[in-house]
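# Structural description and commentary
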Amino acid sequence: MRLRPGTGRRSDAQDMFLTDRIATVRAVLLDVDGATHLAVTLDDDPGVDLQILQGRFRYFAPEEVTVVSA
């Protein structure tokens, strides 16, 4: 997925640094209000293995990502 933070909603400065980065969706989650969130890891992050083991992800709304063809 290509990250597009801020598309359709407000985003903070930390998320804006991730614009156009490629990520892998690790989980699709629903909160108590019924909103959908995607838990992602960055494909070029050298610490991705540790993040997955510790359950640390970055969260984006579905409208903030676009599919990248292989």
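As shown above, the structure is provided for reference.
In this text the structure is predicted, and so the values were computed from the model without any measurement.

In this structure the tally under the stated criterion is 2 salt bridges. Between Asp-44 and Arg-21 there is a salt bridge, with its nearest N and O atoms 2.8 Å apart. Within this pair, whereas Asp-44 is found in the loop between strand S3 (36-42) and helix H2 (48-54), its partner Arg-21 is found in the loop between helix H1 (13-16) and strand S2 (23-30), the two being separated by 23 residues in sequence.

What follows deals with unusual backbone geometry. A positive phi is found at Asp-20, a non-glycine position, where the angle reads about 70°. Within the fold, Asp-20 resides in the loop between H1 and S2. With relative accessibility at 37%, the residue Asp-20 sits in the partly exposed group.

Basis of the calculations
- Residues numbered from 1 in each chain as written.
- Predicted model: local features only at pLDDT ≥ 70, side-chain atom pairs only at ≥ 80, totals over all residues.
- Heavy atoms only, no water.
- Salt bridge = Lys/Arg side-chain N within 4 Å of Asp/Glu carboxyl O.
- Helix = DSSP H or I, 4+ residues; strand = E, 2+ residues; numbered from the N terminus.
- Buried < 20%, exposed > 50% of the residue type's maximum accessible area, 1.4 Å probe, protein only.

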